[in-house]
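# A closer look at the structure
What follows is each chain in one-letter form.
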Amino acid sequence: MEFFCYHRDRPDSDALRDELLEAHWSYMDGYAKELIARGPTFVRGTETASGSVHIVDLPDTAAARAFAFDEPNYQAGVYRDVMVRRWRNVLGRTMWDFPGGREGGNRYLVVGLGSGQPADLDPSDRDELIAYGPLLSDDGGTWVGTALLIRAPDPDAARAVLTRDRYADIEVHDWEFGGRR
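Here goes a summary of the coordinates provided.

Cut-offs used in this document
- Residues numbered from 1 in each chain as written.
- Predicted model: local features only at pLDDT ≥ 70, side-chain atom pairs only at ≥ 80, totals over all residues.
- Heavy atoms only, no water.
- Pairing = 2+ DSSP bridges.
- Helix = DSSP H or I, 4+ residues; strand = E, 2+ residues; numbered from the N terminus.
- Axes fitted to C-alpha atoms, helices over the stretch in contact; angles between N-to-C directions.
- Contact = heavy atoms within 4.5 Å.
- Core = buried A, V, L, I, M, F, W, Y, C linked by side-chain atoms within 4.5 Å.
- Buried < 20%, exposed > 50% of the residue type's maximum accessible area, 1.4 Å probe, protein only.

So, on to the sheet that holds strand E2 (residues 35-42). The eight strands are arranged E1-E3-E2-E8-E5-E7-E6-E4 in a closed barrel whose pairing can be described as antiparallel. For this sheet, the mean angle separating the axes of adjacent strands, direction not counted, is 30 degrees. Looking at chain direction, strand E1 (residues 2-9) and strand E3 (residues 49-57) are connected through seven bridges and run antiparallel. Opposite Phe3, over in E3, you have Val56 as the bridge partner. Those strands touched by helix H2 (residues 21-29) are E2, E3 and strand E4 (79-87), and its axis lies near 160 degrees from that of E2. Sheet strands in contact with helix H3 (residues 61-70) are E1, E2, E3 and E4, and its direction is about 155 degrees off that of E4.

Below you can see the structure in the form of structure tokens.
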């Protein structure tokens, strides 16, 4: 089962995050085979981290929650909240398989929270998508939104991938490839 995890930083947690960088990376190294995508988000236009994205393939919801809440930054108080949702890998690849590579262009995390009839289940233009999939209820039966990683010219172009009127809210965060790979 695939899961989308988004850890949002507490304000002024930069020093603690920096102190725990090796512990965080070592923890994630233990999940190298299960990771579909990972990387930090940033306060728009800055180098200040605002969160961490992890998309991971794990056996069940309990394993996903353990992954998210046993993470060293979470345990130490870097994060203010964590979103853990079932997710489906529409592209069928990891971020390391993205043809555009790790460098070049602006990268974004886009999270659209919705309800009702599913939207945007099959994106038409996949060239700039790094990861893409629906957010689902814990049992995987109900669509609750869409999460994606994309290379785009700007935040508005990244947001435009989702059908605006089908979501209660669409968040766009600066993002970059994470880890040591």
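Back to the write-up after that little detour.
Before going further, it helps to spend a moment on the nonpolar core. The biggest cluster of nonpolar side chains holds 19 residues, and the ones touching the most others in it are Phe4, Ile55, Trp87, Leu109, Leu149 and Trp175. Only E1, E2, E3, E4, strand E5 (106-113), strand E6 (129-136) and strand E7 (143-152) provide two or more residues apiece to this core. Of all the elements, E6 adds the most residues to this core, at three residues. Among residues more than four places away in sequence, those in contact with Trp87 are Glu2, Phe3, Phe4, Ile36, Ile55, Ala131, Tyr132, Gly133, Pro134, Leu135, Leu136 and Ala147. Within the second largest apolar cluster, 16 residues are counted, among which are Leu91, Ala119, Ile150 and Leu162.

This part takes up the environment of Gly104. Looking at the element boundaries, Gly104 is found in the loop between E4 and E5. In this structure the C-alpha to C-alpha distance between Gly104 and Leu148, which are 44 residues apart in sequence, comes to 18 Å.

This next bit is on the pairing of E3. Along E3, eight of the nine residues are buried, which leaves the element largely enclosed by surrounding structure. In terms of strand pairing, E2 meets E3 through seven bridges, oriented antiparallel. When the sheet's bridge partners are listed, Pro40 is paired in E3 with Ser52. Between E2 and E3, which pair antiparallel in sequence order, lie six residues; one of them, Gly45, sits at a positive phi of approximately 75 degrees.

Looking now at the pairing of E6. The buried fraction of E6 is high, at eight of eight residues. As paired elements, E4 and E6 share two bridges and run antiparallel to each other. Looking at E6, one finds that Arg86 is bridged to Leu136. Of the strand pairs in this sheet, E6 and E7 are connected by seven bridges, and their pairing is antiparallel. The residue bridging Leu129 from the neighbouring strand is Ile150, located in E7. Between E6 and E7, which pair antiparallel and follow one another directly, the connecting turn spans six residues, one of which, Gly140, has a positive phi of 75 degrees.

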